[in-house]
Amino acid sequence: MSSKILNNFLNENIAELKERGLYNEIDPVIGANGPEINIDGKSLVNLSSNNYLGLATDDRLKAVAKDAVDSHGVGAGAVRTINGTLDLHLNLEKKLAEFKGTEAAISFQSGFNCNMAAISAVMDKNDAILSDELNHASIIDGCRLSKAKIIRVNHSDMEDLRQKAKEATESGNYNKVMIITDGVFSMDGDIAKLPEIVEIAEEFDLITYVDDAHGSGVLGKGAGTVKHFGLQDKVDFQMGTLSKAIGVIGGYVAGKANLIDWLKVRSRPFLFSTAVSPADAVASTRAIELLMESTELNEKLWENANYLKAGLKELGFDIGNSETPITPCVIGDENDTQKFSRRLYEEGVYAKSIVFPTVPRGTGRVRNMPTAAHTKEMLDNALKVYEKVGKEMGII
Ligand code: PMP
């Protein structure tokens, strides 16, 4: 018999979320998650994936993944520290270090669990973390898990950061102080002010941690936000994910050899959760090689992003202050935003609405993620739909 208390809890809370319009219905994709997708038998231009370079469906990656299944099987068989470390995981980590210009790297099963693992492996209750208020949920959870004092910093406000860094270090209350930030902020597409952050870190001897989930493959000709600013020697943790531009699954930290050695003995998901599959490891490695060999996909991504942004702007949409391919289309009111996204869907464009509490109230937006795999024709079709729905709803 199932618990009555649990049933009541679930039913009441799900009903409440549905009433407030906060219950997220999932749209399953039939087939591959490419530039066009099939949902419920309907073909749509896909503007909602993080598959920035189109690598999730790249034939070159599929080929090495298939070979890895034949040579290594479908599973790693154990956690990394028992005997789940395969030659393919080591190849991946070597390639990641090369890609990021660091002494070493460690890989994890996802970006989310990487943040949970890496932050809590280094920071503890005697430490403090200065965290940008718009940092990703996985950073917030990693900080909480560490039990360090979390000091929220106003978004990209360097005066606030400096003041709080000064107070934290001069208080004498903490052994270590870390500054942690997204490299590219995922809801608005703005870039962290890394040169100033690094300067403040140097002044107060802060540990620097950059989550570059949305910068890798995108900025710095693909190498990421830290490289974009030429700060490879000044950032302690270059964290990233293998699930967005790289197109596969996994997370990583690149940094000094002693940091990586420590993470290998103190990161709980590395110690207690099975390693990514051989196919994942080899596909990620090949993807990074492709990025290092040629900037073609990166250039195509920017060409498409600039094209879509210019088109939306010309139509009269508010696309915020994005400095990257992430292209928000700010609608404002939560209900209007959801209706707008639904109408786009009906007309053949998949662009998800993002509303409070993910973004502040009254700043609801439809977020567009153009990729290198989109054709001009797909983007033109999307723009036509935007024009039609925008006029129909009186937004433009
Ligand atoms: N950090 C940021 C900034 C992200 O946007 C995401 C993905 N939503 C993650 C970490 C987590 O990465 P993954 O999807 O690989 O778990």
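Above this note sits the structure.
Residues numbered from 1 in each chain as written. Predicted model: local features only at pLDDT ≥ 70, side-chain atom pairs only at ≥ 80, totals over all residues. Heavy atoms only, no water.

Draft legend 1. Seen up close, the overall build of the chain. Along its length, the chain carries 15 helices and 14 strands. Here the chain holds 396 residues, and the buried ones make up 51% of them. For the chain, restricting intrachain contacts to residue pairs at least 6 apart in sequence, the fraction spanning at least 24 positions comes to 71%. Surface accessibility of the chain: about 18,500 Å² in total, with carbon and sulfur atoms responsible for 50%. Charge-centre separation for the chain: the mean point of 44 positive side chains lies 2 Å from the mean point of 56 negative side chains. (Helix = DSSP H or I, 4+ residues; strand = E, 2+ residues; numbered from the N terminus. Buried < 20%, exposed > 50% of the residue type's maximum accessible area, 1.4 Å probe, protein only. Contact = heavy atoms within 4.5 Å. Areas by Shrake-Rupley, 256 points an atom, 1.4 Å probe, with all protein chains shown as cover. Lys, Arg positive; Asp, Glu negative; His and termini not counted. Charge placed at Lys NZ, Arg CZ, Asp CG, Glu CD.)

Draft legend 2. Here's a closer look at the packing of helix α13 (residues 296-315) against helix α15 (residues 376-392). The geometry of α13 relative to α15 is characterised by a closest axis approach of 10 Å and an angle of 20° between their N-to-C directions. Of the possible angle classes, the one that applies to α13 and α15 is roughly parallel. Crossing of α13 over α15 shows right-handed handedness. Residues Glu303, Asn304, Tyr307, Leu308, Gly311, Leu312 and Leu315 of α13 pack against Lys376, Leu379, Asp380, Leu383, Tyr386 and Glu387 of α15. Its residues placed into classes, the contact of α13 with α15 shows seven nonpolar, two polar and four charged. (Axes fitted to C-alpha atoms, helices over the stretch in contact; angles between N-to-C directions. Parallel < 35°, antiparallel > 145°, perpendicular 65-115°, else oblique. Left-handed = near helix turned anticlockwise from the far one by under 90°. Nonpolar A, V, L, I, M, F, W, Y, C, P; charged D, E, K, R; others polar.)

Draft legend 3. The arrangement of the pattern of salt bridges in detail. Using the criterion set out here, one finds 23 salt bridges in the structure. Put simply, Arg286 and Glu293 hold a salt bridge, and the shortest N to O gap is 3.5 Å. Since its relative accessible area comes to 55%, Glu293 is described here as exposed. The network of salt bridges with common partners includes Arg343, Glu346, Glu347, Lys388 and Glu392. (Salt bridge = Lys/Arg side-chain N within 4 Å of Asp/Glu carboxyl O.)

Draft legend 4. Up close: the site of the ligand. Contacts to the ligand come from 13 residues, most closely from Gly111, Phe112, Asp211, Thr241 and Lys244. At 2.6 Å, a side-chain N or O of Asp211 approaches a nitrogen atom of the ligand. Protein coverage of the free-state accessible area of the ligand, which is 390 Å², stands at 83%. Under a 2 Å grid-point criterion requiring more than half of the atoms, the pocket assigned to the ligand is the largest pocket. (Near = heavy atom within 4 Å. Polar contact = N/O pair within 3.5 Å; in protein donor to acceptor, adjacent residues only side chain to side chain. 1 Å grid on protein atoms, 1.4 Å probe; cavity = no way out; pocket = protein on both sides within 12 Å on 5 of 7 lines; lining within 4 Å. Sits in = over half its atoms within 2 Å of the grid points.)

Draft legend 5. Expanded view of the nonpolar core. Core analysis: the largest hydrophobic core is formed by 30 residues, its most contacted members being Tyr52, Leu53, Leu55, Leu96, Leu242, Ile246 and Ile288. Looking at this core, the element that brings in the most residues is helix α12 (residues 278-293), giving six residues. Residue contacts for Ile288: discarding those within four places in its chain leaves Leu92, Lys95, Leu96, Phe99, Leu242 and Ile246. By size, the runner-up hydrophobic cluster in this structure holds 25 residues, among which are Ala117, Ile180, Ile207 and Leu259. (Core = buried A, V, L, I, M, F, W, Y, C linked by side-chain atoms within 4.5 Å.)

Draft legend 6. Highlighting the sheet that holds strand β1 (residues 29-30). Sheet architecture is open: four strands sit in the order β1-β2-β3-β12, paired in mixed fashion. The open sheet has two edge strands, β1 and β12 (349-350), and neither has a second partner. In the sheet, strand β3 (residues 42-46) pairs with β12 via two bridges, with the strands oriented parallel. If you follow Val45 over to β12, its bridge partner there is Val349. (Pairing = 2+ DSSP bridges.)

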